[in-house]
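# Tertiary structure, described
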Amino acid sequence: MSPTPETAADVNSATRHSGKQDSQVIALALKSPPERASSLLEIAQAKPSPDQARARYLLAADLVAQGQGGQALPLLAGLAEAYPPLAAQSLVLQGKAERASGQLGAAQQTWTTVGQTYRDQPAAAEALFQLGQTTPSQWDELIQSFPAHPRSVEVAYKKLIENPDLPNAKALLLVMARHGIYHPQALTLVDRLVEDYGEQLTPEDWQAVGFAYWERLSYKAAGEAYSKAPATPQNRYRAARGLQIGGQRAAAIAGYYALNSEFPDAPENATGLLKLANLVDAETALELLDQVTQRFPEQAAEALLAKAQTLDTLNSAQTATQLRETILTQHSTSATAADMRAQYARNAGTSGNWSVALKWVDALLKDNQTADVAPEIGFWGAKWALKAGLGEQATERFEQVVRDYPESYYAWRSAVALGWEVGDFQTVRSYQPVVALPTERTPLPVGSETLQELYLLGQDWDAWATWQVEFSNPQAPTVEEQFTDGVLRLGVGDNLDGIFMVSSLSWRDKPEERTAYAALKQHPAYGQTLYPFPYAQSIAEWSSKRSLNPLLVTALIRQESRFEPQIRSVVGATGLMQVMPDTADWIQAKTGIPDYDLDNPESNIELGTWYLDYTHEEYRNHSLFAVASYNAGPGNVADWIARQNYADADEFVDKIPFPETKDYVMSVFGGYWNYLRLYNPEIAQRLAKYRSNDAL
């Protein structure tokens, strides 16, 4: 039985202003189509309301995706009038349902109506794309009207590949450079644009090219492109920095001097002068560092330390010491002061001078509480207090780390020290925590009503496509825009860039940006984006078969590949769990696993979890050694154990001789802790209560 369509004039206003509050449909949106079908149908058959319109849309979208367009049509009849936020999308969906049911003429008429009635809305791009399947001129209009829409990027790429000699190839290549950076072949096409049309590009075009190269980590090419872009502080800095990273020392020096000359007071120039000081002789470097100290107070501490280090090389130890003291007294809250205090604390702790070490720890936690190094030194302060026989003080210090730095690896180590049931290195394998995934979403900080509605309904591709049109300034996004961009990228499987966009918000340094960032960290999507659950079912199944903690496996995959199923390392490690082909062959020979495909997530997880099980067996289920072995190989880990014979696991981690493996171990277990604190109700509640009680 299908619902009766209505004109819904009486519900338009309510729909337009309705949020997520008390929405049964939004509470169902993250369930799978089979799980939500009957509930959606019941709501769709109810009397007209905002939620009834949502239910009709979501149920119809599920049916169209399943190829049951005929069953979707009654749900879609009149829905555009009943559901203003998704009016255009409802008609686009109706056209797809009509096509699926064999009514091609009706579908084309419906899409034509979208293009005429909603010509300025992103949904019109989808209508033009569908019409272009049979009328190619519609694709030209699509690219002209909506160059940022993913369908335009798709069409531009298709045209360029099928006919490289198109008369409008330059325009299509610019579409790829400006709007298709996420495309797998983006850099190849940007290279082609530069090679074939470099002499015709405007400074604004070169800025787009530079941004594309910069975002894809092709820094030498980015530097060359930015040097031809409009003269702005950022463009001048990126030109010089890109050339420096690319090994073009002389050009980089000239670029930094140009930045200093053209934009002497810009914040980018402070960073540029610091970079330039590393490229010139010592005498010139000292002059440059003095300029930074005098003109840029916020970077003065960094400049003073660089000057002290330069003076050390010139055998001016006394002056260098005085400069370091100046940093601690006159720039006490700087990141540079924090790093210095951390090193002094470590030096004292290593030598067994616990009282001095703890004084440096306390100074750091007082003046540099938000420094990146604070949780690490806070944790070691607790360990040193234990060694000094100050048990009660050690407990207070562990509690401080958990309370003030709950996202850190050291919060997990502190929770273990406090006796929390969170799995330690020797028990985490067998620990099977309860996992409660989110059941619905919270509106994003920016974006149109249409975008918000699509996002809340779990229509991720449509939400992301809408955002591509709305996101007008991707080269200089606000904090809220960058956050929204990261969240939406994750929804379409761009996990690598999505996680990066959200995690790199911590780099923002302007006061107003820091305030906005602090607020967004409370948004549910913040943690869920940084620590997502792609392939959750496969991970759970293979973890169960291997008797592995699924959150540990999830954290390892996040570190290895950011859940990108076909990613490859420079040495050939492949897929989600970065399995080496030779290792896969060895596993197959030992186990008789049938033919495998490392690009296939299921096959990759099967082999990767087998190997993680193997490394655990090699080290008697000691997960620290097993995870380190997964990265560095069993031979290296066995050698470290034999040579060092660490009795303390934290000291073992701290002294792993391979920096890559040390960072890897801390990232995997830090990720495990974050999955636990975000998705295990007991730990999440304990942390919330713990922090709340401390604030009273």
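As a starting point, this report considers the structure included with it. Just so you know, these numbers come straight off a predicted model, no measurement behind them. (Residues numbered from 1 in each chain as written. Predicted model: local features only at pLDDT ≥ 70, side-chain atom pairs only at ≥ 80, totals over all residues. Heavy atoms only, no water.)

### Some words on the nonpolar core
Core analysis: the biggest nonpolar cluster contains 133 residues, and W412, V422, F483, M577, F669, Y672 and W673 have the highest contact counts within it. With 10 residues, the single largest contributor to this core is helix α40 (residues 659-679). In this structure, M577 is in contact with V553, L556, I557, E560, N604, I605, G608, T609 and Y630, ignoring residues within four places of it in sequence. Ranked by size, the runner-up nonpolar core spans 38 residues in total, among them A125, V155, A221 and A225. (Core = buried A, V, L, I, M, F, W, Y, C linked by side-chain atoms within 4.5 Å. Buried < 20%, exposed > 50% of the residue type's maximum accessible area, 1.4 Å probe, protein only. Helix = DSSP H or I, 4+ residues; strand = E, 2+ residues; numbered from the N terminus. Contact = heavy atoms within 4.5 Å.)

### Quick word on the side chain of T661
Of note, T661 is situated in helix α40. Beyond its immediate sequence surroundings of up to four residues, T661 is in contact with A628, N631, A632, W640 and I656.

### Some remarks on the packing of helix α13 (residues 186-197) against helix α14 (residues 203-215)
Two elements in contact, α13 and α14, have axes separated by 10 Å at closest approach and are oriented at 150 degrees. For the pair α13 and α14, the crossing hand works out as left-handed. For the pair α13 and α14, contact is made by L187, V190, D191, L193 and V194 and by W206, V209, A212 and Y213, respectively. Across the contact of α13 with α14, the residue classes break down as eight nonpolar, no polar and one charged. (Axes fitted to C-alpha atoms, helices over the stretch in contact; angles between N-to-C directions. Left-handed = near helix turned anticlockwise from the far one by under 90°. Nonpolar A, V, L, I, M, F, W, Y, C, P; charged D, E, K, R; others polar.)

### Observations concerning the packing of aromatic side chains
If you walk through the whole model with that rule in mind, you get 34 aromatic pairs. Arranged with centres 5.2 Å apart and planes meeting at 90 degrees, the rings of W412 and F425 form a pair that is edge-to-face. With W412 in helix α26 (residues 409-417) and F425 in the loop between α26 and α27 (449-456), this residue pair connects regions lying 13 residues apart in the sequence. Grouping residues by exposure puts W412 and F425 together as buried. Put simply, the rings of F379, W380, W384, F398, Y409, Y410, W412, F425, F669 and Y672 pair up and form one aromatic cluster. (Phe/Tyr/Trp six-rings, centres within 6.5 Å; stacked < 30°, edge-to-face > 60°.)

### Here we look at the pattern of salt bridges
What the rule picks out here adds up to 37 salt bridges. The partner of R397 in a salt bridge is D362, with the nearest N and O atoms 2.9 Å apart. You can see R397 sitting in helix α25 (residues 391-404) and its partner D362 sitting in helix α23 (residues 354-367), a full 35 residues away along the chain. A relative accessible area of 8% means that R397 is categorised as buried. Within the structure, one salt-bridge network assembled from shared partners comprises R216, D485, R489, D494 and D497. (Salt bridge = Lys/Arg side-chain N within 4 Å of Asp/Glu carboxyl O.)

The values are spatial; any link to function lies outside them.
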